[in-house]
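Read off the chains here:
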Amino acid sequence: QEVSDTTFVDLSELSNAFAYDMRYATENNFLKEQVYDCPKCLLRKEAADALIKANELFREKGYRIKLFDCYRPLDIQKKMWEIYPNATYVANPYKSGSIHNRGLAVDLTIEKLDGTSVEMGTDFDFFGEAAHHDYNKLPYEVIENRLLLKNTLESVGFRPISSEWWHYNFNSPNKYVPANTPLDCN
Ligand SMILES: C[C@@H](N)C(=O)N[C@H](C)C(=O)O
Ligand SMILES: [Zn+2]
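(A) Seen up close, the overall build of the protein chain. In terms of helices and strands, the protein chain carries four helices and nine strands. Of the regular secondary structure in the protein chain, the N- to C-terminal order runs β-β-α-β-β-α-β-α-β-α-β-β-β. The C-alpha atoms of the protein chain give 15 Å as radius of gyration, which agrees with the globular expectation for 186 residues (16 Å, within 12%). Dimensions along the principal axes, computed over C-alpha positions, put the protein chain at roughly 40 × 35 × 35 Å. Looking at the protein chain residue by residue over its 186 residues, the buried ones come to 52%.

(B) Focus on the coordination of the zinc ion (ligand 2). Bound to the zinc ion (ligand 2) are the protein donor atoms His100 (NE2), Asp107 (OD), Asp107 (OD) and His167 (ND1), situated 1.9 to 2.8 Å from the metal. Counting along the primary sequence, the residues that act as donors to the zinc ion (ligand 2) give the motif H-x6-D-x59-H. Each of the two residues, histidine 100 as well as aspartate 107, counts as buried.

(C) View of the pairing of strand S6 (residues 105-112). Across the eight residues of S6, seven count as buried, placing the element largely inside the fold. Pairing of S6 with strand S8 (residues 164-170) involves three bridges; the strand directions are antiparallel. Residue pairing across strands places valine 106 opposite tyrosine 168, the latter belonging to S8.

(D) Molecular detail of the confidence of the model for the protein chain. Taken over all residues, the pLDDT of the protein chain has a mean of 95, while the share at 70 or more is 97%. Model confidence for the complex is summarised by a pTM of 0.96, with the ipTM given as 0.99.

(E) Molecular detail of the site of ligand 1. Every one of the 15 residues lining ligand 1 counts as a neighbour, but Arg72, Tyr89, Ala91, Ser98 and Asp125 are closest to it. Separating an oxygen atom of ligand 1 from a side-chain N or O atom of glutamine 77 is a distance of 3.1 Å. One of the backbone N or O atoms of alanine 91 is found 3.0 Å from an oxygen atom in ligand 1. Take the shell around ligand 1: its biggest share by element is three residues, from S8. Per-class residue counts for the shell around ligand 1 are seven nonpolar, four polar and four charged.

(F) Representation of the sheet that holds S6 in the model. Here we have five strands laid out as an open sheet, ordered S3-S5-S6-S8-S7, and mixed in their pairing. Two strands bound the open sheet, and with one partner strand each, they are strand S3 (19-20) and strand S7 (158-161). Strands in contact with helix H2 (residues 45-60) are strand S5 (63-69), S6, S7 and S8; relative to S5, the strand with the most contacts, it is inclined by about 145 degrees.

(G) Inspection of the environment of threonine 109 at higher detail. Here threonine 109 shows up in strand S6. Note: C-alpha distance between threonine 109 and cysteine 38 (71 residues apart in sequence) is 20 Å. Ignoring anything within four residues of it in the chain, the contact list for threonine 109 reads Arg64, Ile65, Lys66, Phe68, Met120, Leu149 and Trp165.

(H) Expanded view of the pattern of salt bridges. Inspection of every chain in the model, using the stated rule, returns 10 salt bridges. For glutamate 154, the salt bridge identified is with lysine 150, shortest N-O distance 3.9 Å. Residue glutamate 154 and its partner lysine 150 are both found in helix H4 (residues 140-155); the two are separated by four residues, about one turn of the helix. The exposure class assigned to glutamate 154 is partly exposed, which follows from its relative accessible area of 36%.

(I) Representation of helix H3 (residues 74-83). Here H3 has its buried residues at Leu74, Ile76, Gln77, Met80 and Trp81. Looking straight down H3, one finds its buried side chains confined to an arc of 155 degrees; they lie on one side.

(J) Inspection of the side chain of glutamate 164 at higher detail. Along the chain, the position of glutamate 164 falls in strand S8. The buried charged residue glutamate 164 lacks any salt bridge partner; its closest oppositely charged side chain belongs to arginine 72, at an N-O distance of 6.7 Å. With residues near it in sequence (within four places) discarded, glutamate 164 still touches Thr88, Tyr89, Phe127, Ala131 and His133.

Criteria and cut-off values
- Residues numbered from 1 in each chain as written.
- Chains lettered and ligands numbered in written order.
- Predicted model: local features only at pLDDT ≥ 70, side-chain atom pairs only at ≥ 80, totals over all residues.
- Heavy atoms only, no water.
- Helix = DSSP H or I, 4+ residues; strand = E, 2+ residues; numbered from the N terminus.
- Rg over C-alpha atoms; globule rule 2.2 N^0.38 Å.
- Buried < 20%, exposed > 50% of the residue type's maximum accessible area, 1.4 Å probe, protein only.
- Donors = N, O, S within 2.8 Å, 3.2 Å for Na, K, Ca; no water.
- Pairing = 2+ DSSP bridges.
- pLDDT = per-residue confidence, 0-100.
- Near = heavy atom within 4 Å.
- Polar contact = N/O pair within 3.5 Å; in protein donor to acceptor, adjacent residues only side chain to side chain.
- Nonpolar A, V, L, I, M, F, W, Y, C, P; charged D, E, K, R; others polar.
- Contact = heavy atoms within 4.5 Å.
- Axes fitted to C-alpha atoms, helices over the stretch in contact; angles between N-to-C directions.
- Salt bridge = Lys/Arg side-chain N within 4 Å of Asp/Glu carboxyl O.
- Arc of directions from axis to C-beta.
- Lys, Arg positive; Asp, Glu negative; His and termini not counted.

Given below as structure tokens:
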């Protein structure tokens, strides 16, 4: 059964232990345009709770999660599709849309607790084979880092997609519909 719910939680109000680089609130993204009014990470509560659990596991190992994107309004998905209509890397807003539109997907990496970056082999939103989970022409350290990200997120209920090392969908029992509410920047 589908739940039409427009209620999102702001991750920063639940925890101050995350790092943020919300790329779509800047011009440093594949659209080359700021498409969000503010750098907020909004999610459904169940996905936010799972992410907090994952962050605790990372922190025990000296890392923390750095978020690139969370809830994404459907109109922004349409803008992305106009620029890059390739369903391997951008979910088709005219079919079932993206799990981001439902507030259940995250784009993220990890960094060390002192803010030092962790090598993942490509930048966020590198749309090519080197970002795929089965691409193995990478230094051993990068493969280990991607595996740490994947194993930890899977342990709290997120699932990867094959083509983007940074994208994870939360396996929620609730069937939300795509939302188009703009980010609440107040
Ligand atoms: C655009 C990229 N960051 C992304 O999130 N891609 C997936 C496939 C999506 O659009 O859901
Ligand atoms: Zn994503």
